[in-house]
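This is what each chain is made of:
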Amino acid sequence: MEDLKIEDVNLEISENLERHRTDGFSSSKALVVRRGAPIRISLQLEGRAFNPKTDYLKVQVMLGRMYVAMPVTFSKKVSYTRWKAYIDRESLDLQNPSIFISSPASASVGCHTFKMCAITRGSNKKSCAFGKFTLLCNPWCRADVVYIPFEDQREEYIQNDSGLLFIGTAMNPVSRPWSFDQFEPGVLEACLQMLQVSPQHQTNKRMDYLNRKNPVYIGRVVSAMINSEDDRGVLKGKWAGDFKEGVNPSLWTGSGDILTQWAESGFKPVKYGQCWVFAAVMCTVMRVLGIPSRVVTNFNSAHDTNDNLVIEEFYSETGQKLNRSKDSIWNFHVWVECWMTRRDLGSGLEGWQVLDPTPQERSGGVFCCGPAPVKAVKDRRIDLIYDIPFVYAAVNADVHSVILSEGKVVNYSKDTERVGSLICTKAISFPRLQNITGDYKYIKSPTSTISSRSSRMSEDSTLRRGSSRGVLVVLSLDKTPVAGEPACFTVKVINKQRVAKMMKIHLNAQAKEYNNSPSDTFWESHGVVKLGPMEVKVIQQQITPVQYEDVVGDNLINLAVVLEDSNSKERVMASEEFNIASPQLIIEITKEESIVLGKEQTATVTFTNPFSHMVSGVLNVAGAGLIKGKVHFRMLPLCPGGSVKQRITFIPSKLGVKMLQASLALSNINSTIRGFQMVSVCRA
């Protein structure tokens, strides 16, 4: 009898991509599948047809030098714990038989190869063909530890290639559009290369391959590889000085450019990143690898260097904030949450886990953080792994504010609610903020909705009190400050005693970056307040656009008021940090209801100058699945109050809801103006 000969294998890429919900990766022209689900491949035979009675098929699957071999059987009964290969008798085509290969739900992530061999009874010759596939985690498979139960969660945290990052302040969160780009050309390959160039893989390839079945391990590897402090990581962080040798972190609009630049450069770190860039790029990598992920912002995030859960802030007697402490509070800090079961910790700690790729503290000797179960952070389970004390302090530390005069402490106050005052992420399916503060900490008045959050902010977050035995001072913003308008605020002074008082009042404003101490004072006011017994006085003040525009830009303002009793020398202080709300670019889509795949569309981006002087800059427009790369336009100087429109064209290349985003980097102000529009792309 003639030996059975395999000429080739057909990977049935289109069918398998659709079946495994990986069709977004179609541009890679590779077979990308998820573990715990069968792959169908077809054999192309040379000569005679397959004879089930005399022909025997065998499959060997390899990852690096490790392999597993299995016979091809006629039993469709698969196991989530071992590899299996079978033929479906009901649909058997003897000329081009289909073979199903099913992987365990705990198979290792990475690029696998396989060898399909045919042997005919009575012959000692083998006919073999080779193929390869990329295996990812499977959040649709109940047996996979990354299984997440609802389809809208999987759509948001795996499939969505765009989203919003939140920056600014708890009082005035600013949504920043971001393109995760997980399905853009070169991104899948860069993510897989990241695992290959990691120190763990370079040190012990076999052990790395074995450990890649575990998302806890993958998370720690990726957390370390996103920064470049210990390895050939993706991003170089920079928080001070100029960015002439690279890209200002505020100018990145998506992960794709960063990951492909890193891979194409031979794994040289991309300059530069800050916390939201580190987190967004890690979110992309984890989504690519099949692990549900989202970007989270912690407003007023504490960095407690001495582990005492106290952050000290120092002020001068005239209200100037001083750089005197190693501890710090970032106005916001951005990290990643990934969804997984923690079998290493026992039951009850499954779900969202904090992973922070921004290089702040070493964990296990390298700059990485997590995964720390959010449930363990809430319950202060600091005995568990990984890095729970660090995350707990970031959302729970107390703030001690100290006034110094000639090196001596003259006033001290304590704030137990400022740190972690708002923790949020993008809502599922909608471009808005979701408050998740209650997942991390027990809060006195639950704020499960955005509207209740807003009302709470108007009561406490925009207001800071300071009190001594004799005087209470309250500092509050009259409304959210908006670019081009004065920043108006009120100082309320209350005499708590039945004695008249003469008070010196000092008001001080400094610009500050979200993660640094303030710079020099750019606005101040000094005077005297006379208070009758038990009297309440209200003082209205404002900082005009001319006074803050050139200094502040995208940074924040630290505002403080210090009152000094002329007789007792007793001092009292209140402070607030706030951002100026920037205008938004307006994006309008022509015939928005009829956007179809492969057909040219038109959009218009409009900018109105709210500033008190002329501005110019560069407009960048991007959109994963809508525009290849970015398009750039130079904006000529625009007068105050003037408007400019820019028409753009794009051809959608992916189906579904996509984000068209635009950013205008102003050249004469430290400010970038942004806008986005969600676009629904349908089949023609």
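Calculation notes
- Residues numbered from 1 in each chain as written.
- Predicted model: local features only at pLDDT ≥ 70, side-chain atom pairs only at ≥ 80, totals over all residues.
- Heavy atoms only, no water.
- UniProt positions renumbered as here; feature names shortened; annotations may be inferred.
- Buried < 20%, exposed > 50% of the residue type's maximum accessible area, 1.4 Å probe, protein only.
- Helix = DSSP H or I, 4+ residues; strand = E, 2+ residues; numbered from the N terminus.
- Pairing = 2+ DSSP bridges.
- Domains from an automatic or database assignment.
- Contact = heavy atoms within 4.5 Å.
- Buried area = accessible area lost by both parts, 1.4 Å probe.
- Expected span 1.5 Å × (residues − 1).
- Polar contact = N/O pair within 3.5 Å; in protein donor to acceptor, adjacent residues only side chain to side chain.
- Axes fitted to C-alpha atoms, helices over the stretch in contact; angles between N-to-C directions.
- Phe/Tyr/Trp six-rings, centres within 6.5 Å; stacked < 30°, edge-to-face > 60°.
- Lys NZ or Arg CZ within 6 Å of the ring centre and 35° of its normal.

Labelled according to an unreviewed UniProt entry, the protein chain appears under the name protein-glutamine gamma-glutamyltransferase, originating from Notothenia coriiceps. Under the heading Sequence similarities (unreviewed entry), UniProt records this for the protein chain: "Belongs to the transglutaminase superfamily. Transglutaminase family." Taken verbatim from the UniProt record of the protein chain, the Cofactor (unreviewed entry) comment is "Ca(2+)".

Caption draft 1: The pairing of strand β32 (residues 556–565), seen in detail. Here β32 lies mainly inside the structure; ten of its ten residues are buried. Here β32 shows a buried face lined by Leu 556, Asn 558, Ala 560, Val 562 and Glu 564 and a second buried face lined by Ile 557, Leu 559, Val 561, Leu 563 and Asp 565. Of the strand pairs in this sheet, strand β29 (residues 501–512) and β32 are connected by ten bridges, and their pairing is antiparallel. Among the inter-strand pairings, Leu 507 is bridged to a residue of β32, identified as Val 561.

Caption draft 2: Up close: the domain arrangement of the protein chain. We note that the domain assignment places domain 1 (4–136), domain 2 (153–435), domain 3 (468–579) and domain 4 (586–681) within the protein chain. On a C-alpha basis, the centres of domain 2 and domain 4 stand 29 Å from each other. Across the boundary between the two partners, domain 2 contributes 17 residues, which contact 15 residues of domain 4. Together, the buried faces of domain 2 and domain 4 total about 1300 Å²; carbon and sulfur atoms form 50% of this surface.

Caption draft 3: Region of interest: helix α6 (residues 215–226). End to end, α6 covers 16 Å across twelve residues, agreeing with the expected 16 Å (1.5 Å per residue, within 8%). Within α6, twelve of the twelve residues are buried, leaving the element largely enclosed by the surrounding structure. The N-capping residue of α6, defined by a side-chain oxygen 3.0 Å from the backbone nitrogen of Val 216, is Asn 214.

Caption draft 4: Looking closely at helix α2 (residues 151–159). Along α2, the residues classified as buried are Gln 153, Arg 154, Glu 156, Tyr 157, Ile 158 and Gln 159. Here the buried face of α2 lies against β2 (32–34), α8 (275–288), β14 (293–303), β18 (351–355), β24 (422–426) and β25 (433–435).

Caption draft 5: Representation of the sheet that holds strand β6 (residues 84–86) within the structure. In space, the nine strands of this open sheet follow the order β1-β3-β7-β6-β5-β4-β8-β9-β2, with mixed pairing throughout. This sheet does not close on itself; its edge strands, each paired only once, are β1 (5–10) and β2. Each adjacent strand pair in this sheet contributes to an overall mean axis angle of 30 degrees, direction not counted. Pairing geometry for strand β4 (residues 55–63) and strand β5 (residues 66–73), over six bridges, is antiparallel. Residue pairing across strands places Met 62 opposite Tyr 67, the latter belonging to β5.

Caption draft 6: Structural view of the UniProt feature "active site" (unreviewed entry) in the protein chain. Here, UniProt's "active site" (unreviewed entry) annotation points to Cys 275, His 333 and Asp 356. The greatest C-alpha distance among the annotated residues, which extend across 82 residues, is 9.7 Å, indicating that they converge on a single site. As for its placement among the helices and strands, Cys 275 is situated in helix α8. Cys 275 sits in the buried class, given a relative accessible area of 0%.

Caption draft 7: Highlighting the side chain of Ser 405. The topology assignment puts Ser 405 in strand β22 (residues 398–405). Ser 405 has contacts with Glu 317, Val 410 and Arg 571, leaving out every residue within four places of it along the chain.

Caption draft 8: Expanded view of the packing of aromatic side chains. The tally for this structure, following the rule as stated, stands at 15 aromatic pairs. Ring geometry for Trp 262 against Phe 267: centres 4.9 Å apart, planes inclined by 55 degrees, an arrangement best described as tilted. In this pair, the class of Trp 262 matches that of Phe 267, namely buried. One residue, Arg 324, lies across the ring of Phe 314, its end atom 6.0 Å from the ring centre. One residue, Arg 432, lies across the ring of Phe 430, its end atom 4.6 Å from the ring centre.

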